[in-house]
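Structural overview for review
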Amino acid sequence: MIGAVFEILLHGLTLGGLYGLIGAGLALNFGVLRVVNLAHGEMITLGAFITVGSLALVPGLPLWLVLPIAGLGCAAIGAGLQVVFIERAMSFRDPMVPLLVTFGIAIIMRNLLVETLGADLRGLDVQGLGQARFALFGLSIGLLPVLTLALALIAFGILAFVIAKTEFGRQVRAVSDLPDIAALMSIRVKKIHIQVAALSAGLAALAGVLLAMRASVSPFSGVAHLIIAFEVVVLGGLGSMRGALIAGVVLGLVQVVSTRIDGNAGLLYVHIFFFAGLLIRSALGRLS
């Protein structure tokens, strides 16, 4: 009994870490830019396909080199989209304008992926890593899920350090809280926006790589990724990185437990939990 509970908790944590990472880029983007980037799901998918494509072109490319290739590639695309489209849309100071712009970007990215790569499912061949296991407290634990959790926690740790302890982080916090005052203090607000968009896209790419290591992806996977990211961000608190990690872990645990009870549930109970969380938060909001 204790072993089964430990196994459920471990699987929930590993899946939840991935969910938290899926929502991290969206939380960062909204926390600083105040833009709900509807192309975030497509950026996750793009990161996965960059990785798959890199390994197809150069078989045997080590994982430690694949991750920065996908991250830097998506970061460059995210920065470019911010400069050319989103930053201009933000100048209207109407949140619907950048929302609609990112919606259009998401549709174009999805169709470009279908046009160039086809609609087939693709997966990342991690060779023996997918079957590697180790013993812990008498249980056989998969190495890949634990590695996924470790990479997610490392990413969150580095991001927390950068935001809290560096000059760049100080400027990001200033732009997030009071952008007009930050501009008066000689902080280049638009430059920070571009850097944050690049960082958000890089986090999305990392999530996409880890997803491709665990399951197959297609150009149409972005919508499902966006839904998870949105639920993580809303439950964790808009713009809160710590909240995104906690919400991701909670949703991961809900999915693992519900799958043990109902094998055909899929993400049903995750979405129900999200809806219940919204009702509770709205009730507490009315009481406060």
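Let me begin by describing the structure that accompanies this report. (Residues numbered from 1 in each chain as written. Predicted model: local features only at pLDDT ≥ 70, side-chain atom pairs only at ≥ 80, totals over all residues. Heavy atoms only, no water.)

A tally of regular secondary structure across the protein chain gives 11 helices and two strands. In the protein chain, the succession of α and β elements from N to C terminus is α-α-α-α-β-β-α-α-α-α-α-α-α. A compact globule built from 288 residues would reach a C-alpha radius of gyration of about 19 Å, and the protein chain, at 19 Å, matches this within 12%. Structurally, the protein chain occupies a C-alpha span of about 60 × 55 × 35 Å along its principal axes. A buried classification covers 46% of the 288 residues belonging to the protein chain. Intrachain contacts of the protein chain at a sequence separation of at least 6 include 74% that bridge at least 24 residues. Summing over all exposed atoms, the protein chain offers an accessible surface of approximately 14600 Å²; the carbon and sulfur share of this is 70%. Positive and negative charge centroids in the protein chain, built from 17 and 12 side chains respectively, lie 9 Å apart. (Helix = DSSP H or I, 4+ residues; strand = E, 2+ residues; numbered from the N terminus. Rg over C-alpha atoms; globule rule 2.2 N^0.38 Å. Buried < 20%, exposed > 50% of the residue type's maximum accessible area, 1.4 Å probe, protein only. Contact = heavy atoms within 4.5 Å. Areas by Shrake-Rupley, 256 points an atom, 1.4 Å probe, with all protein chains shown as cover. Lys, Arg positive; Asp, Glu negative; His and termini not counted. Charge placed at Lys NZ, Arg CZ, Asp CG, Glu CD.)

Another aspect to go through is the packing of helix 5 (residues 143–165) against helix 6 (residues 167–177). Between helix 5 and helix 6, the shortest axis-to-axis distance is 5 Å and the interhelical angle comes to 75°. Taken together, the axes of helix 5 and helix 6 are roughly perpendicular relative to one another. Residues Val162, Ile163, Ala164 and Lys165 of helix 5 lie in contact with helix 6, whose contacting residues are Glu167, Phe168, Gly169, Arg170, Val172 and Arg173. Split by residue class, the contact of helix 5 with helix 6 holds five nonpolar, one polar and four charged. (Axes fitted to C-alpha atoms, helices over the stretch in contact; angles between N-to-C directions. Parallel < 35°, antiparallel > 145°, perpendicular 65-115°, else oblique. Nonpolar A, V, L, I, M, F, W, Y, C, P; charged D, E, K, R; others polar.)

So, on to the packing of helix 3 (residues 63–90) against helix 4 (residues 96–117). Axis angle and axis distance: for two packed helices, these are the angle between their axes and the distance between the axes, and together they describe the pair. Where helix 3 meets helix 4, the closest approach of the two axes is 7 Å, and the angle between their N-to-C directions is 150°. Compared by their axis directions, helix 3 and helix 4 come out roughly antiparallel. Seen from above, helix 3 lies across helix 4 with right-handed handedness. When helix 3 is examined against helix 4, the residues Leu81, Phe85, Ile86, Ala89 and Met90 are found in contact with a partner set consisting of Val97, Pro98, Val101, Thr102, Ile105 and Met109. A class-by-class count of the residues in the contact of helix 3 with helix 4 yields 10 nonpolar, one polar and no charged. (Left-handed = near helix turned anticlockwise from the far one by under 90°.)

So, on to the side chain of Thr102. Examined against the element boundaries, Thr102 turns out to sit in helix 4. In this structure Thr102 touches Val35, Val36, Asn37, Leu38, Ala39 and Ile86, once residues within four positions along its chain are discounted.

Another aspect to go through is the packing of aromatic side chains. Inspection of every chain in the model, using the stated rule, returns one aromatic pair. Relative to Phe274, the ring of Phe230 lies with its centre 6.3 Å away and its plane at 65°, an arrangement referred to as edge-to-face. With Phe230 in helix 9 (residues 222–236) and Phe274 in helix 11 (residues 268–287), this pair connects stretches of sequence that are 44 residues apart. A cation over an aromatic ring shows up here: Arg34 above the ring of Phe30, its NZ or CZ 6.0 Å from the ring centre. (Phe/Tyr/Trp six-rings, centres within 6.5 Å; stacked < 30°, edge-to-face > 60°. Lys NZ or Arg CZ within 6 Å of the ring centre and 35° of its normal.)

Relative to the assigned elements, Ala76 resides in helix 3. Under the relative-accessibility criterion, Ala76 is labelled exposed at 52%. With 125 residues separating them along the chain, Ala76 and Ala201 place their C-alpha atoms 8.2 Å apart.

Right, let's talk about helix 9 for a bit. For helix 9, with 15 residues, the first-to-last C-alpha span of 21 Å sits near the 21 Å given by 1.5 Å per residue. When helix 9 is considered as a whole, its buried residues turn out to be Gly222, His225, Leu226, Ile228, Ala229, Glu231, Val232, Val233 and Val234. Phi for Gly237, located one or two positions after helix 9, is positive at around 105°. (Expected span 1.5 Å × (residues − 1).)

Using the criterion set out here, one finds two salt bridges in the structure. Between Glu42 and Arg110 there is a salt bridge; the shortest N-O distance is 3.0 Å. Residue Glu42 is located in helix 2 (residues 40–57), and its partner Arg110 is located in helix 4; the two are separated by 68 residues in the primary sequence. (Salt bridge = Lys/Arg side-chain N within 4 Å of Asp/Glu carboxyl O.)

Quick look at a nonpolar patch on the surface now. Together, Leu178, Ile181, Leu184 and Met185 make up an exposed nonpolar region whose accessible area comes to about 470 Å². With respect to the element layout, Met185 can be found in the loop between helix 7 (179–184) and helix 8 (189–214). In this structure Met185 comes out as exposed when scored by relative accessible area, which is 62%. (Patch = residues over 30% accessible without salt bridge, like charges linked within 9 Å, V, L, I, M, F, W, Y side chains within 5 Å.)

A few words on the side chain of Ser200. Positionally, Ser200 belongs in helix 8. Overall, Ser200 belongs to the buried group, its relative accessible area being 4%. One polar contact links the side chain of Ser200 to the main-chain carbonyl oxygen of Gly25, over a distance of 2.7 Å. Leave out the neighbours within four places in its chain, and Ser200 touches Gly25, Leu26, Leu28, Asn29 and His40. (Polar contact = N/O pair within 3.5 Å; in protein donor to acceptor, adjacent residues only side chain to side chain.)

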